[in-house]
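Residue-level structural notes
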Amino acid sequence: MNGYDSLQKFEVPEIIHGLGAMGIAGQCAKRLGGERVLLVTDPGVIHAGWVDEAVGYLRAEGLKYVVYDNVVTNPRDFHVEEGARVYEKQECDVIVAVGGGSPIDTAKGIAILVSNHGCIHDYEGCNLVTQPVPPLVCIPTTAGTGADVTQMAVVTHSEKRMKMVILGRAIMPEISLIDPRLLQTESSELIAATGMDTLTHAIEAYVSSLSWTLTDPHAIHAIELVSEHLVHAARYKDIKSLDGMSIACLEAGIAFSNAILGAVHALAHPLGGFYDIHHGLANAILLPTVVRRNMEYSLDKYARIARAMGVDTNGMSLETAASSSLLAITKLIEDLGLPSRLSEFNVNPDDISLLADLAKDDMCMRTNPYCYSKDEIETLYREAL
Ligand SMILES: [Fe+2]
């Protein structure tokens, strides 16, 4: 013990939320000293029309810009490297990311490489980014990852087919512009899957060994908002529900950026790297399995989660109240019509040993209420098959 082990911190970017927030993208980039913007996005966001609108706001402030859109789900190391070359060649000085977690994580990776150099693989782990990165403005188009308010990026190592978690204050975006209008072009399936990512962030942050006074209220409120709005948002895409989900995503992001995550994410990351399974879907499948096992290590917290999901736990024993969180989660997944088994994604039982090796070493496992052994992780994967 060095005397500092018990210190806790809380980091957030500048957050501007509300209908029309994207309209100040140009002002924000300019305020951060930018003259030439690298706008990182993906083809789907371009197709939805949001990039044209964002570019209009950059032009209105007299900013030059170049668009980098070679971004895929589960973003790859070589895309980050390609984007960094574009940034350098075009002599950009600020990055604006418009999109879901993939463009935002790609933008963070680009920011690391253009200022810290070397290979993106060098930065896997905690606080290995030592040089300040270019200013980053994020404009999320999904309510799921919360990457716009976190000090975390996940990039796929294409050769090893594994996801690398990069964590550190240096990659916290400067400004997040959260405009719920942008969620209207998400498909219902994507709203459901990304919403389950948000719920998983909130639950894992709440039961994390690093959770504390400043993260818990955000985590619990995010769980309440998901329970209230997610099914409606996925079915009807009305602006009230989407607005609710945008706040849920924001608060879950704030909570997990500071309290980190847990076993669901540790097990989901190898599935993304190996099988390219959508991150939100992998979480939705694994969440009930992990909650069932995690519960005994934090009964009171799972009982609180059940209440946040609308369960009346009055008169229940602590064990029953905690178990009711699992029932509420399972019902939500059913209501959303999401897949519930890994076998639906052709996960090969022969790969489970390798997947378990990767999950055991994943940074997110360290803050789970209980650190599972490789054998126990293999059992978790089998239960989810
Ligand atoms: Fe996530």
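The model shown is predicted, which means the values in this text are computed figures rather than measured ones.

**Things to note about the coordination of the iron ion**
Coordination of the iron ion by the protein involves Asp197 (OD), His201 (NE2), His265 (NE2) and His279 (NE2), with metal-donor separations of 2.1 to 2.2 Å. Every donor counted, the four donor atoms about the iron ion form angles of 82 to 168° at the centre, which fits irregular coordination. Along the chain, the residues donating to the iron ion are arranged with the sequence spacing D-x3-H-x63-H-x13-H. You can see aspartate 197 and its partner histidine 201 sitting in helix 6 (residues 188–207), four residues apart, about one turn around the helix. The pair aspartate 197 / histidine 201 is uniform in exposure class, with both members buried.

**Observations regarding the environment of arginine 293**
Structurally, arginine 293 is set in helix 10 (residues 279–294). Taking the C-alpha atoms as reference points, arginine 293 and leucine 380, separated by 87 residues in sequence, lie 8.4 Å from one another. The residues contacting arginine 293, other than those within four sequence positions of it, are Tyr372, Thr379, Leu380 and Glu383.

**Notes on helix 3 (residues 50–60)**
Along helix 3, the positions that sit buried rather than exposed are Trp50, Val51, Ala54, Val55 and Leu58. All buried residues of helix 3 lie within an arc of 130° about the axis, which places them on one face of the element. For helix 3, the exposed residues set more than 90 degrees away from the buried face come down to Asp52, Arg59 and Ala60. Contacts from the buried residues of helix 3 go to helix 1 (25–31), strand 2 (36–40), helix 2 (43–47), strand 3 (64–68) and strand 4 (94–99). Taken from the residues just after helix 3, glycine 62 is the one with a positive phi, measuring 75°.

**What about the sheet that holds strand 7 (residues 152–157)?**
Within the open sheet, the three strands sit side by side as 5-8-7. Their pairing is mixed. The open sheet has two free edges, formed respectively by strand 5 (125–126) and strand 7, since each of these has just one partner strand. The pairing of strand 5 with strand 8 (residues 162–167) spans two bridges and is parallel. Opposite glycine 125, over in strand 8, you have isoleucine 166 as the bridge partner.

**Examining unusual backbone geometry**
Positive phi, close to 60°, is recorded for asparagine 127, a residue that is not glycine. Non-glycine residue arginine 161 carries a positive phi angle of around 55°. With respect to the helices and strands, arginine 161 occurs in the loop between strand 7 and strand 8. Taking relative accessible area as the criterion, arginine 161 reaches 40% and is therefore assigned partly exposed.

**Some words on the domain arrangement of the protein**
Annotation of the protein at the domain level lists domain 1 (14–183) and domain 2 (186–384). Put simply, the middle of domain 1 and the middle of domain 2, counted by C-alpha atoms, are 25 Å apart. Counting residues at the interface gives 30 residues for domain 1 and 34 residues for domain 2. Of the roughly 2,600 Å² buried between domain 1 and domain 2, counting both surfaces, carbon and sulfur atoms make up 65%. Scanning the region where domain 1 abuts domain 2 turns up one salt bridge. Of the charged contacts, one joins arginine 76 and aspartate 276 as a salt bridge, the two residues approaching to 3.6 Å between their closest N and O atoms. Scanning the region where domain 1 abuts domain 2 turns up 10 residue pairs in polar contact (both at pLDDT 80 or more). Of all the secondary-structure elements, those providing two or more residues to the side of domain 1 that touches domain 2 are strand 1 (14–17), strand 5, strand 7 and strand 8. A per-element tally of the side of domain 1 that touches domain 2 places strand 8 first, with four residues.

**A look at the packing of helix 7 (residues 216–236) against helix 8 (residues 239–259)**
The contact between helix 7 and helix 8 brings their axes to 8 Å, and the two run at 150°. The angle between helix 7 and helix 8 falls in the class roughly antiparallel. For the pair helix 7 and helix 8, the crossing hand works out as left-handed. Taken together, the residues of helix 8 that come into contact with helix 7 (itself represented by His218, Ala219, His221, Ala222, Leu225, Val226, His229, Leu230, His232 and Ala233) are Lys240, Ser241, Leu242, Gly244, Met245, Ile247, Ala248, Glu251, Ala252, Ile254 and Ala255. For the contact of helix 7 with helix 8, the per-class residue count stands at 13 nonpolar, six polar and two charged.

Definitions and cut-offs
Residues numbered from 1 in each chain as written. Predicted model: local features only at pLDDT ≥ 70, side-chain atom pairs only at ≥ 80, totals over all residues. Heavy atoms only, no water. Donors = N, O, S within 2.8 Å, 3.2 Å for Na, K, Ca; no water. Tetrahedral: all angles 85-135°; square planar, octahedral: opposite > 155°, others 65-115°. Helix = DSSP H or I, 4+ residues; strand = E, 2+ residues; numbered from the N terminus. Buried < 20%, exposed > 50% of the residue type's maximum accessible area, 1.4 Å probe, protein only. Contact = heavy atoms within 4.5 Å. Arc of directions from axis to C-beta. Pairing = 2+ DSSP bridges. Domains from an automatic or database assignment. Buried area = accessible area lost by both parts, 1.4 Å probe. Salt bridge = Lys/Arg side-chain N within 4 Å of Asp/Glu carboxyl O. Polar contact = N/O pair within 3.5 Å; in protein donor to acceptor, adjacent residues only side chain to side chain. Axes fitted to C-alpha atoms, helices over the stretch in contact; angles between N-to-C directions. Parallel < 35°, antiparallel > 145°, perpendicular 65-115°, else oblique. Left-handed = near helix turned anticlockwise from the far one by under 90°. Nonpolar A, V, L, I, M, F, W, Y, C, P; charged D, E, K, R; others polar.

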